[in-house]
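For reference, the chains in residue letters:
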Amino acid sequence: MATIDGLPPLREVIRAHDLVARKQLGQNFLLDLNLTAKIARQAGDLSGCDVLEVGPGPGGLTRGLLAEGARRVLAVEKDARCLPALAEIQAAAPGRLEVIHGDALEVDVLTHLTPPIRVVANLPYNIGTELLIRWLTPAAWPPFWESLTLMFQKEVAERIVAMPRSAHYGRLALLAQWRCEARIAMVLPPEAFTPAPKVHSAVVHLTRLPDPRFPADEKVLSRVTAMAFNQRRKMLRASLKGLGPDIEARLEAVGIAPTARAEEIGLEQFCALARDVARG
Ligand code: SAM
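Residues numbered from 1 in each chain as written. Predicted model: local features only at pLDDT ≥ 70, side-chain atom pairs only at ≥ 80, totals over all residues. Heavy atoms only, no water.

A. Spatial organisation of the packing of helix 2 (residues 33-41) against helix 3 (residues 60-67). In the contact formed by helix 2 and helix 3, the axes pass within 8 Å of each other and the chain directions differ by 60 degrees. Compared by their axis directions, helix 2 and helix 3 come out oblique. Considering how the two elements wind past one another, helix 2 and helix 3 form a crossing that is right-handed. Facing Leu 33, Thr 36, Ala 37, Ile 39 and Ala 40 of helix 2, the residues of helix 3 in contact are Gly 60, Leu 61, Arg 63, Gly 64 and Leu 65. (Axes fitted to C-alpha atoms, helices over the stretch in contact; angles between N-to-C directions. Helix = DSSP H or I, 4+ residues; strand = E, 2+ residues; numbered from the N terminus. Parallel < 35°, antiparallel > 145°, perpendicular 65-115°, else oblique. Left-handed = near helix turned anticlockwise from the far one by under 90°. Contact = heavy atoms within 4.5 Å.)

B. Local environment of the site of the ligand. Taken together, 21 residues lie around the ligand, and Gln 27, Leu 30, Gly 55, Glu 77 and Asn 122 are the ones closest in. In the model, an oxygen atom of the ligand is placed 2.6 Å from a nitrogen or oxygen of the Glu 77 side chain. Contacts to the ligand include Ala 104, whose backbone N or O atom sits 2.9 Å from a nitrogen atom. Summarising the interface, the protein chains cover 99% of the accessible area of the ligand, which totals 590 Å² for the free molecule. If you list the elements that add at least two residues to the shell around the ligand, you get strand 1 (29-30) and strand 3 (72-77). When its residues are assigned to classes, the shell around the ligand shows nine nonpolar, seven polar and five charged. (Near = heavy atom within 4 Å. Polar contact = N/O pair within 3.5 Å; in protein donor to acceptor, adjacent residues only side chain to side chain. Areas by Shrake-Rupley, 256 points an atom, 1.4 Å probe, with all protein chains shown as cover. Nonpolar A, V, L, I, M, F, W, Y, C, P; charged D, E, K, R; others polar.)

C. Region of the structure containing the packing of helix 7 (residues 171-179) against helix 11 (residues 267-279). Between helix 7 and helix 11, whose axes approach to 10 Å, the crossing angle comes to 90 degrees. Between helix 7 and helix 11, the angle falls in the class roughly perpendicular. Touching Leu 174, Gln 177 and Trp 178 of helix 7 are Leu 267, Phe 270 and Cys 271, all from helix 11. Within the contact of helix 7 with helix 11, the residues separate by chemical class into five nonpolar, one polar and no charged.

D. View of the packing of aromatic side chains. For the structure shown, the criterion picks out three aromatic pairs. Ring centres of Phe 229 and Phe 270 lie 5.8 Å apart, and the angle between their planes is 40 degrees; on these two criteria the pair is classed as tilted. One end of the pair, Phe 229, is in helix 8 (residues 218-230); the other, Phe 270, is in helix 11, with 41 residues separating them in the sequence. The two residues Phe 229 and Phe 270 agree in class, both being buried. Grouped by ring-pair contacts, the aromatic residues Tyr 169, Phe 229 and Phe 270 constitute a single cluster. (Phe/Tyr/Trp six-rings, centres within 6.5 Å; stacked < 30°, edge-to-face > 60°. Buried < 20%, exposed > 50% of the residue type's maximum accessible area, 1.4 Å probe, protein only.)

Quick look at the structure:
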């Protein structure tokens, strides 16, 4: 079920509404409805869920989400030019699509959603990482969403799922994997989009865990990993000097060699260090 009855192909929609893609809005559209349905399926069974979509654009992924059975879709779009195309989808799926015209960084979506909630989006590249970090760092855990199924530039996707001792390993991997299962679900070539971006893209699927894998205070963990990775080539006894004069002893106490570098240290050890630092 890849289309909603009666709606024209996306190329026609784009032509009819003169939706020339704007680079400053990160507009790279998906026009193949088989592909958008496949992306929607990566989010799992949507039938009993509200779905938050950021940046529906002309509505290719929105149509995929509705066709795959989402109970309701809340779509937040900044570009007013897309609203008439989205209104046509609303008419074809009565009561199942709400569109908010606004900036996803500013809109309070929670009052518009009923749990269980999944987030599925082909994110504008300029705010993708910022949104992900916000979704991963709510005031309290568990967050409002059960899963995030998000399209990023492939390089960002690799940073989210990276393991220690790999080139992409860093703060984003630690933050994502601390309280989520994270995996790359699909890789898409530039030609999948109109216009084609310069790089490959990838869909990352993150499922929230009920609790963190290892206990730690989020703010302390974030401070420790920021210091460690801001100078990732340095030994930890140097990069973490700001944590106190006894940093070598602290590192040793939690089983980290003071001469190790940030990229060699796994999540469990970073959490142990954050707990030690939090004790003062
Ligand atoms: N979902 C559509 C698709 O897959 O074809 C479009 C994806 S396109 C990569 C990103 C979309 O996000 C564009 O429609 C753009 O207008 C929208 N957008 C950009 N910045 C935004 C923001 N701050 N808040 C909401 N939407 C935004």
